[in-house]
Amino acid sequence: MKIEEVEQCSFQNWYNNFKNVSVKSIILPLPDDFIKYILADGIILPKSTNVSHVVSTNDSDLSDEEETWEEDTDEAEPEAPYFPEFDQSIENAIESLGGKVFPKLNWSSPKDASWMGFNYSCCCTSISDIYLLLKSSNFIIHDITQPYNLCDDFIQDQSLSEIEQKNIPLFLVLRKWIDIDTSGEFRCFVKENKLIGVCQREHSAFFEHISLHKAEILEDLVTFFTEKVQFKFPLPYYIYDVYRKKKGKVILIDFNPFGKVTDSLLFTWEELNSDLTSVDENDEYPEFRCVEDNYGVQPRTLSSYAVPTDIIDISTGEDSFKLVDLMKLKIETQNESSDDENNAESNGTQNE
């Protein structure tokens, strides 16, 4: 995977050529101070979001200790940032797109933080919704700091972030919100300008109608590729996602680099890079993969992002010290419980 491939998949570089078959979107340049805000520790919403940062209480109900603590926290309260011009651009875009938007940056969306959003989704109706998702997302941080870390031709200058080193303009993309049935999302793999593979996008679920209507689905996806995508995208190797809303109606969602930075889903990268998927002009249709039954169902890929990292470290064995600490705490709790029971029995005996 090369730097050029990643750059061609940056949203602002392909959207204008495919806007007629994609979701209506508005692209806003990210101010430098906003980028610093996203990278800063902690989640503090800007002043313009009109969200209170300090919980007010009745002073008469506070003890001296609580009053002292409140004074300390007031002094330590970081100042909320303020981006009036950028905020106004966002408000105008939300209104122009019908009041509901899906945010993303050049390459990624904050799907890993969707559990913090309204109705556990990336649907945003206000500035605060957007800022909260962006500030909470590891995917967004990756877009800003290291979009080229898997590129063969990128040599990292350790004193600079990848974005600084390449002087890449960053954008906030606001897309008109559409209710998507995940069973209609598909990922398409293109090799040497030929569609070699297709699979369902939500690969952790079984959708019976996909198996029942494979031929119809594949026919629509191949037709869309040959008429709307093939030879129109500037790279010979790439991956793109589509939403098949209904029979004969396919919408382009996004382009992705043909490399390990993109999830291969029901394929493996060994398969995609092997001769088994080399271009054969005699193949009328690409290989189509879907989850064939409930036995193929797996945990959702993004579900781990809604779990505290300490729990993940313990469950995967990544941090043995946390597991030891947890076992010690469990033993101490059991011992304390046992002591309480013994004391209760002893008191009971004395009372008798």
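Residues numbered from 1 in each chain as written. Predicted model: local features only at pLDDT ≥ 70, side-chain atom pairs only at ≥ 80, totals over all residues. Heavy atoms only, no water.

The name recorded for the chain in an unreviewed UniProt entry is Cell division cycle protein 123-like protein, from Parasteatoda tepidariorum. As its UniProt record puts it under Sequence similarities (unreviewed entry), the chain is described as follows: "Belongs to the CDC123 family." (UniProt positions renumbered as here; feature names shortened; annotations may be inferred.)

1. Focus: the overall build of the chain
Counting secondary structure elements, the chain contains 13 helices and eight strands. Across the 352 residues that make up the chain, the buried fraction comes to 39%. Taking the intrachain contacts of the chain between residues at least 6 apart in sequence as the baseline, contacts between residues at least 24 apart amount to 71%. Only carbon and sulfur atoms are counted for the fraction: they give 49% of the accessible area of the chain, which is about 20,600 Å². (Helix = DSSP H or I, 4+ residues; strand = E, 2+ residues; numbered from the N terminus. Buried < 20%, exposed > 50% of the residue type's maximum accessible area, 1.4 Å probe, protein only. Contact = heavy atoms within 4.5 Å. Areas by Shrake-Rupley, 256 points an atom, 1.4 Å probe, with all protein chains shown as cover.)

2. Points about the packing of aromatic side chains
This structure, assessed with the given rule, holds 27 aromatic pairs. Centroid distance Phe-186 to Phe-288: 6.0 Å. Interplanar angle 45 degrees. Geometry classified as tilted. With Phe-186 in strand β4 (residues 185-191) and Phe-288 in strand β8 (residues 287-289), the pair connects residues that are 102 residues apart, well separated along the chain. The pair formed by Phe-186 and Phe-288 is uniform in burial state, with each residue classed as buried. Among the aromatic residues, those joined into a cluster by ring pairs are Phe-11, Trp-14, Tyr-15, Phe-18, Phe-225, Phe-233, Tyr-238, Tyr-240 and Phe-255. (Phe/Tyr/Trp six-rings, centres within 6.5 Å; stacked < 30°, edge-to-face > 60°.)

3. Description of the sheet that holds strand β6 (residues 238-246)
Taken together, the five strands give an open sheet; going across it, the order is β7-β6-β4-β5-β8, and neighbouring strands pair in mixed fashion. Each edge of the open sheet is held by one strand with a lone partner, namely β7 (249-256) and β8. Across this sheet, the average inter-strand angle for adjacent strands is 25 degrees, counted without regard to direction. Helix-sheet contacts for helix α10 (residues 214-229) involve β4, β5 (194-200), β6, β7 and β8, and the interaxial angle to β6 is about 125 degrees. (Pairing = 2+ DSSP bridges. Axes fitted to C-alpha atoms, helices over the stretch in contact; angles between N-to-C directions.)

4. A closer look at the pattern of salt bridges
Once their charged atoms are close, side chains differing in charge can pair, the charge on each being opposite to the other. In total, this model carries seven salt bridges according to the counting rule given. Where Asp-254 meets Lys-104, a salt bridge forms, and the shortest distance between an N and an O atom there is 2.7 Å. With Asp-254 in strand β7 and Lys-104 in strand β2 (residues 101-104), the pair connects residues that are 150 residues apart, well separated along the chain. One salt bridge in this structure joins Asp-241 and Arg-201, with 3.5 Å as the shortest N-O distance. (Salt bridge = Lys/Arg side-chain N within 4 Å of Asp/Glu carboxyl O.)

5. What to know about the side chain of Arg-187
As for its placement among the helices and strands, Arg-187 is situated in strand β4. With relative accessibility at 3%, the residue Arg-187 sits in the buried group. A polar side-chain atom of Arg-187 sits 2.7 Å from a polar atom in the side chain of Asp-241. Apart from residues lying up to four places away in sequence, Arg-187 is in contact with Gly-197, Val-198, Cys-199, Arg-201, Ile-239, Tyr-240, Asp-241, Asn-256, Thr-262, Asp-263 and Leu-265. (Polar contact = N/O pair within 3.5 Å; in protein donor to acceptor, adjacent residues only side chain to side chain.)

6. Details of helix α6 (residues 127-136)
Judged by how many residues are buried, α6 sits mostly within the fold: seven of 10 residues are covered. Buried-residue contacts for α6 involve α3 (32-39), α5 (84-96), β2, α7 (138-145) and β3 (171-176).

7. Focus: the sheet that holds β3
Read across the open sheet, the three strands follow the order β1-β3-β2; overall the sheet is antiparallel. Two strands close off the open sheet at either side, each with one partner strand: β1 (25-29) and β2. Averaged over neighbouring strand pairs, the angle between their axes works out to 20 degrees when direction is ignored. Examined bridge by bridge, β1 and β3 share five bridges and lie antiparallel to one another. Bridge assignment links Ile-27 to a residue of β3, and that residue is Val-173.

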